[in-house]
There are 2 protein chains.
Amino acid sequence: MAISLTSMTIAAVGDRPRLQSIRRTAAQARILAAALELFAQHGVSGTSLQMIADEIGVTKAAVYHQYRTKDEIVLAVAESEFVALEAALEAAEAEKSREQARKLLLKQVISTAVERRPWVRSLQNDPVMIRLLAGHEPLTDIMARIYGLLLDDTGPQANVRIAIMGATIGATVVHPLVADLDNQTLERELLRVAKRVFDISL
Amino acid sequence: MAISLTSMTIAAVGDRPRLQSIRRTAAQARILAAALELFAQHGVSGTSLQMIADEIGVTKAAVYHQYRTKDEIVLAVAESEFVALEAALEAAEAEKSREQARKLLLKQVISTAVERRPWVRSLQNDPVMIRLLAGHEPLTDIMARIYGLLLDDTGPQANVRIAIMGATIGATVVHPLVADLDNQTLERELLRVAKRVFDISL
DNA sequence: GTCTATATAACGATAGAC
DNA sequence: GTCTATCGTTATATAGAC
C-alpha cells in the first residue's frame, strides 16, 4: 500500500481477510440474489424468509440449511455488495500519490453506486442493515479506509464536505427524478458536481 | 399565488385542503410522536403497534381506538412532518418573482431538513413510507408543487440538478459524520453547496 | 440440498366491558 | 380513552426424513 494514513490508526495490512475471497455455493448465491432484490423492494424487516424462499422456489427450511439466521443473510448480502467497494479501495491504495488515489477512489465509488443503484437505498439507509454493518468489522474496516483516504486534514470542515459528497452520491442515484436517466449521463453529472462543489479535478 | 407554473399542470389552488388544518387529539399526538421516533430507529416494518403502545404506556387496543390500521398511523406521521414543507411552499408561492420564490423555498427546505434530521431518513427512504406517500394525493401534491417551483426548464439537465440538490440535503443531514455538528453550521454548509450547484446567490 | 411438520412467539386487528 | 381477551395469520427457527 503506497499511501500512509498518518491521521488514522489503521489495522495491519498484511493478512487482512478479503471479501473477494469468500466462496459461495450456487444455492447460497441464489438466496443472496433474491434477498438483495427483496430488501430493496420491501426493506430488511419487510422481507421474510418465506418471501425469499418463494422467490427462488424452495421452502424456508432449505434457506435455513444455508444460513442459520436472517441476520447472517443480511450480512452476506452486504458483504457481496461491498466487494466492488473493496476492489475500488485496493486499486486506489495502490496509486503512487495520495492525490491520485483520492481521485481514482471517488470516481470508482461514483460508478459503483450508479451501476448498483437499484440496491443502494437499502444498503445505505435500511435501519437493520445499518445496525448489522456497524457491528461487522470487515465492513466497517472498508468504510474506515475509504473515508481515511478521502479525508484531507486541511480544515475543520473537511469532514462535512466528504460527508456531503458521499451522501450526495448515494442519495442521488436512488432519487426518483433520475430513475429514467442512463448510467453514463448520471455518472458524468455526478463527476461534474464533485468537481464544482468539492474543488476536485477529476 | 403569485407564481405561474406554465410548465406543469397544477390543480386548482382555491380550495386545496391544507395539512396544517388537520386537528388531532392529545392521544393521537402521543401516538404519532412515539411512532415517528420508532420509525426512525427501526423502520416502519420494524416497528410494531405493540412497540408504539409500550412507548406511550397503553395497550395495543388503545392505539387501535385512535387509528384503524398501521398504515393510517404511517400516513398521519408523514402528514404531520409535511406540515413544515407545506408552510415553506406556501410562503415561497407568495413571493413576487419566481426567482425569489425558488431561493426562499430552497432555503426553507434546507432549514427544515436540518431541524428535523433525526426523522428524515425514515421519511425519505423507508420503502413502506415511500409506497404509502406515493398513493396519498395531499402529499404527492406538495412534492409536485415543490419540484414544479424548483425546476427551471432552462436546460436538459435540470432534473439531475434538482435530484442532486434534494438528495444532498436529505442524505447529508442524516450522515453520521455530521451528527455532532450544530444545526447552524450544517445549514450554512448546505447553503454553500446549493449556491455552487445552482449558481445562485442565497 | 430440499422436503414435511412443528414449536413458539409476535404480528395486525377486533369485540365488548368499564 | 383504555382495558382484557381473543382471533387468524405470519414470523423466526428447528427436527428429522429423503
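Remember, predicted model here, so these are calculated numbers, not experimental data.

### Observations concerning the overall build of chain A
Within chain A one finds 10 helices and 0 strands. A globule of 202 residues ought to have a C-alpha radius of gyration of about 17 Å, and chain A, at 18 Å, matches this closely. Projected onto the principal axes, the alpha-carbon positions of chain A cover approximately 55 × 45 × 25 Å. Within the span of chain A, comprising 202 residues, buried residues form 46% of the whole. The contacts in chain A between residues at least 6 apart in sequence include a share of 73% that link residues at least 24 apart. Between the centroid of the 23 positive side chains of chain A and the centroid of its 24 negative side chains there is a distance of 2 Å.

### Considering the relation of the copies chain A and chain B
Mapping chain A onto chain B is achieved by rotating through 180° and translating by 0.0 Å along the same axis, at an RMSD of 0.3 Å. Put plainly, the chains are arranged around a two-fold axis. The fraction of interface residues of chain A whose copies in chain B are also interface residues reaches 100%, indicating that both copies meet through the same surface.

### Thoughts on helix α10 (residues 183-198) of chain B
Over its 16 residues, α10 of chain B extends 22 Å from the first C-alpha to the last, a length consistent with the 22 Å expected when each residue adds 1.5 Å. Those residues of α10 of chain B not exposed but buried are T185, L186, E189, L190, L191, V193, A194, V197 and F198 of chain B. Turning to α10 of chain B, the residues buried within the fold contact α9 (158-172) and α10 (183-198) of chain A together with α5 (98-115), α6 (117-125) and α9 (158-173) of chain B. D199 of chain B sits one or two positions beyond α10 of chain B and adopts a positive phi of about 60°.

### Some details on the protein's contact with DNA strand D
Close to DNA strand D lie 19 residues; K60 and Y64 of chain A together with T59, A61 and H65 of chain B are nearest. The sugar and phosphate moieties of DNA strand D supply 57% of its atoms located within 4 Å of the protein. A distance of 3.4 Å separates a phosphate oxygen of DNA strand D from a polar atom in the side chain of R30 of chain B. Taking Q66 of chain B, its side chain carries an N or O atom lying 3.4 Å from a phosphate oxygen of DNA strand D. Elements represented by at least two residues in the surface near DNA strand D include exactly α2 (49-56) and α3 (60-66) of chain A together with α1 (26-42) and α3 (60-66) of chain B. No other element matches α3 of chain B, which puts 4 residues into the surface near DNA strand D. For the surface near DNA strand D, the class distribution of residues is 7 nonpolar, 8 polar and 4 charged.

### With respect to the pattern of salt bridges
When the charged atoms of two side chains with opposite charge come close together, those side chains can pair. Applying the stated criterion across every chain yields a total of 16 salt bridges over all chains. Close ionic contact of R192 of chain A with E189 of chain A constitutes a salt bridge, the shortest N to O distance being 3.1 Å. Here R192 of chain A and its partner E189 of chain A are both found in helix α10, 3 residues apart, which amounts to about one turn of the helix. The exposure class of E189 of chain A is buried, given its relative accessible area of 4%. We note a salt bridge from E93 of chain B to R145 of chain B, for which the minimum N-O separation is 3.0 Å. In this pair, E93 of chain B is assigned in helix α4 (residues 70-93) and R145 of chain B in helix α8 (residues 137-150), connecting sequence segments 52 residues apart.

### Notes on the nonpolar core
Counting 124 residues, the largest nonpolar core has I73 and L105 of chain A together with I73 and L105 of chain B as the members making the most contacts within it. Contacts of L105 of chain A, omitting those with residues within four sequence positions, involve A88, L89, A92, I146, L149 and L150 of chain A.

### Quick notes on the confidence of the model for chain A
Counting all residues, the mean pLDDT for chain A is 90, and 90% of those residues have values of 70 or more. In the model, residues 4-9 of chain A has pLDDT below 50 throughout and makes 8 contacts with residues more than four positions away in sequence or in other chains.

### With respect to the side chain of E86 of chain B
All names here are of chain B. In this structure, E86 sits in helix α4. Despite its burial, E86 pairs with no opposite charge, the nearest such side chain being R18 at 5.0 Å. Dropping the residues within four chain positions of it, E86 is found in contact with P17, R18, L19, Q20 and I142.

Conventions and cut-offs
Residues numbered from 1 in each chain as written. Chains lettered and ligands numbered in written order. Predicted model: local features only at pLDDT ≥ 70, side-chain atom pairs only at ≥ 80, totals over all residues. Heavy atoms only, no water. Helix = DSSP H or I, 4+ residues; strand = E, 2+ residues; numbered from the N terminus. Rg over C-alpha atoms; globule rule 2.2 N^0.38 Å. Buried < 20%, exposed > 50% of the residue type's maximum accessible area, 1.4 Å probe, protein only. Contact = heavy atoms within 4.5 Å. Lys, Arg positive; Asp, Glu negative; His and termini not counted. Charge placed at Lys NZ, Arg CZ, Asp CG, Glu CD. Least-squares fit on C-alpha atoms with pLDDT ≥ 70 in both. Expected span 1.5 Å × (residues − 1). Near = heavy atom within 4 Å. Polar contact = N/O pair within 3.5 Å; in protein donor to acceptor, adjacent residues only side chain to side chain. Nonpolar A, V, L, I, M, F, W, Y, C, P; charged D, E, K, R; others polar. Salt bridge = Lys/Arg side-chain N within 4 Å of Asp/Glu carboxyl O. Core = buried A, V, L, I, M, F, W, Y, C linked by side-chain atoms within 4.5 Å. pLDDT = per-residue confidence, 0-100.

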